[in-house]
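Fold and geometry: a report
Listed here are the chains, written in short residue letters.
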Amino acid sequence: MSLDFKVADLSLADFGRREIRLAEHEMPGLMAMRAEYGDSKPLTGARITGSLHMTVQTAVLIETLVALGAQVRWASCNIFSTQDHAAAAIAVGPDGTVEAPAGVPVFAWKGETLEEYWWCTEQALTWPDAPGPNMILDDGGDATLLVHKGVEYEKAGVVPEPADDDPEEWRVVLGLLKRSLAESQSRWTALAQEIKGVTEETTTGVHRLYEMMRDGALLFPGINVNDSVTKSKFDNKYGCRHSLIDGINRATDVLIGGKVAVVCGYGDVGKGCAESLRGQGARVVVTEIDPICALQAAMDGYEVTTLDDVIERADIVITATGNRDVITADHLARAKHQAIVGNIGHFDNEIDMAGLAAVPGIVRTEIKPQVHEWTFPDGHTVIVLSEGRLLNLGNATGHPSFVMSNSFTNQVLAQIELFTKTADYPLGVYTLPKHLDEKVARLHLDALGVKLTQLTPAQASYLGIPAEGPYKSEHYRY
Ligand code: NAI
């Protein structure tokens with residue numbers, strides 16, 4: 001059977017392959033996984049459905065999973081985040097050709113519609129010779145959500161009608177599941193039964209998993225990859241420190257130095273964003289709801305106030321909260337002329353785009369794809385990046401390889417754990433054991449020329465920890 005896939009342009013595969021080759025050198029953790037497990041192939045028999053930004057770095061992850069024995073099908077987890085050359089290279093595969101693609105079934109292109117996005121997610125979950133995947137690798141939880149909602153509505157025997165105020169995206173999901181239920185009353189139930197577990201990449205998806213666990217709705221165990229220290233304290237922070245300003249620069253090329261830049265949310269992502277904007281010489285203001293993070297921001301030297309307070313003097317406003325309605329249409333109505341507004345959180349509800357579009361008399365002008373000027377009736381404009389979706393992947397290419405190597409090495413270890421030690425993970429949400437977290441860090445030290453100090457036996461016994469680690473207790477916060 002010929003490979004099933006859908007990408008923008010297969011002829012980009014050579015370009016993608018060249019960038020994958022460079023990325024492999026910058027992803028020592030993933031390459032160490034290939035060296036360690038390439039012969040024993042612990043993922044043999046795994047059918048992994050991945051829903052994660054289809055970038056060059058993700059291509060290295062996918063090919064690592066394949067090298068470890070897995071079969072893989074892939075979709076992106078955002079309509080703008082696919083790098084078309086990476087998707088093409090994954091479809092063609094290292095041994096295939098454009099005429100005879102022999103890679104991984106991938107369904108992803110930059111600029112999908114919402115219908116196309118959910119079609120791609122469904123394709124990644126649809127396996128030719130099996131009810132579905134037996135593992136999910138998710139980013140934001142959309143693949144997991146589709147399975148759970150499919151099962152819920154099959155049990156109920158009906159898909160609910162969308163409410164008037166439901167977002168467009170939810171209408172699309174309900175439409176897809178309605179069609180699916182008309183064709184089969186047991187498709188998602190059969191599919192879910194095969195799934196050993198999900199490994200979840202990001203804060204927002206992890207929230208969803210814990211919520212489903214709390215509500216008794218979770219159907220299979222999950223590993224929270226986000227809260228590996230070598231993920232959230234690196235990718236979320238240092239990754240965004242790199243890719244936030246990359247996105248702003250590619251989108252606008254506005255000088256950041258001297259400008260007032262607001263960062264909403266001072267969690268891991270917000271900390272990286274604030275640091276990068278300050279590094280460019282911006283005068284950074286932080287907003288927070290959590291007194292601890294607000295105090296941290298103040299101690300780090302940032303002004304901390306509310307968005308209401310600062311909006312009229314802000315040149316750049318970035319949301320990094322994972323929360324909804326953080327920037328409202330009212331805020332934007334009061335914003336400075338040509339203020340730049342962007343979201344680096346996972347979903348597009350941080351900025352009230354629907355509210356903005358509903359302002360009477362407002363005009364939207366495309367400057368270029370993923371950069372839009374919105375003109376209010378009084379003549380002032382705001383520049384919205386990536387239509388309110390995460391701008392570092394929409395306007396730039398996301399985080400660089402080295403930091404993603406940390407995140408994705410956690411993903412590979414989490415997939416191996418759940419797939420090979422299924423009985424050790426009854427229904428629940430878990431983080432990886434600390435010795436694996438430390439292993440991920442260790443795998444990235446040589447590339448940076450880091451020399452670790454060895455504990456002496458006397459020191460180890462003085463601290464009461466093994467000389468080879470783990471070095472910290474579970475509650476240590478780094
Ligand atoms: P976090 O939980 O560490 O930080 C979010 C912060 O926002 C918290 O401190 C919270 O108190 C604050 N917050 C919540 N509502 C707020 C409001 N209304 N106003 C001001 N502050 C508010 O989460 P983290 O890890 O920083 O992630 C944030 C978002 O970014 C999530 O959606 C996550 O999935 C996403 N993410 C995006 C990445 C990217 O490459 N674009 C990379 C990693 C995470």
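Rules behind the numbers
Residues numbered from 1 in each chain as written. Predicted model: local features only at pLDDT ≥ 70, side-chain atom pairs only at ≥ 80, totals over all residues. Heavy atoms only, no water. UniProt positions renumbered as here; feature names shortened; annotations may be inferred. Helix = DSSP H or I, 4+ residues; strand = E, 2+ residues; numbered from the N terminus. Rg over C-alpha atoms; globule rule 2.2 N^0.38 Å. Buried < 20%, exposed > 50% of the residue type's maximum accessible area, 1.4 Å probe, protein only. Contact = heavy atoms within 4.5 Å. Pairing = 2+ DSSP bridges. Core = buried A, V, L, I, M, F, W, Y, C linked by side-chain atoms within 4.5 Å. Right-handed = clockwise from strand over helix to strand, strands pointing away.

As recorded in an unreviewed UniProt entry, the protein goes by Adenosylhomocysteinase and comes from Jiangella rhizosphaerae. Quoted straight from UniProt, the Sequence similarities (unreviewed entry) entry for the protein says "Belongs to the adenosylhomocysteinase family."

This part takes up the overall build of the protein. Across its full length, the protein carries 19 helices and 15 strands. The C-alpha atoms of the protein give 23 Å as radius of gyration, which agrees with the globular expectation for 478 residues (23 Å, within 12%). Structurally, the protein occupies a C-alpha span of about 70 × 65 × 45 Å along its principal axes. Out of the 478 residues in the protein, the part that is buried amounts to 55%. Excluding contacts between residues fewer than 6 apart, the proportion of contacts in the protein whose partners are at least 24 apart in sequence is 74%.

Next up on the list: the sheet that holds strand β2 (residues 71–75). Consider a sheet: its strands pair through backbone hydrogen bonds, and that pairing is either parallel or antiparallel. The sheet built from seven strands is open, its strands ordered β3-β2-β1-β4-β5-β6-β15 with parallel pairing. Every interior strand has two partners, whereas the edge strands, β3 (106–107) and β15 (429–430), have only one. Inspection of the sheet shows β2 paired to β3 by two bridges, in the parallel sense. Bridging across to β3, alanine 75 finds its partner in phenylalanine 107.

Let us look at the nonpolar core. Side chains that are nonpolar tend, in soluble globular proteins, to be buried together. With 51 residues, the main nonpolar core has Leu43, Ile48, Met54, Leu65, Trp74 and Val106 as its most contacted residues. Put simply, the parts of the chain that give this core at least two residues each are α1 (13–25), α2 (28–37), α3 (56–67), β2, α4 (84–92), β4 (135–138), α17 (401–420) and α18 (434–442). Per-element tally for this core: the top contributor is α17, with nine residues. Leave out the neighbours within four places in its chain, and valine 106 touches Asp4, Phe5, Lys6, Val7, Met54, Trp74, Ala87, Ile90 and Ala91. If you look at the next biggest cluster of nonpolar residues, it comprises 31 residues, including Ile79, Leu174, Trp188 and Val429.

A few words now on the pairing of β2. For β2, a buried count of four out of five residues is recorded, marking the element as mostly surrounded by other parts of the structure. In this fold, strand β1 (residues 47–51) hands off to α3, which returns the chain to β2; that crossover is right-handed. One crossover worth recording links β2 to the parallel β3 by way of α4, and it is right-handed.

In the UniProt entry, the feature "binding site: substrate" (unreviewed entry) is given for Thr55, Asp139, Glu201, Lys231 and Asp235. As for its placement among the helices and strands, lysine 231 is situated in helix α10 (residues 229–252). The contact partners of lysine 231, leaving out residues within four places of it in the chain, are Glu201, Thr202, Val225, Asn226, Asn236, Ser407 and Asn410. Along the chain, aspartate 235 turns up in helix α10. Relative accessible area serves as the criterion here: at 6%, aspartate 235 is assigned to the buried category.

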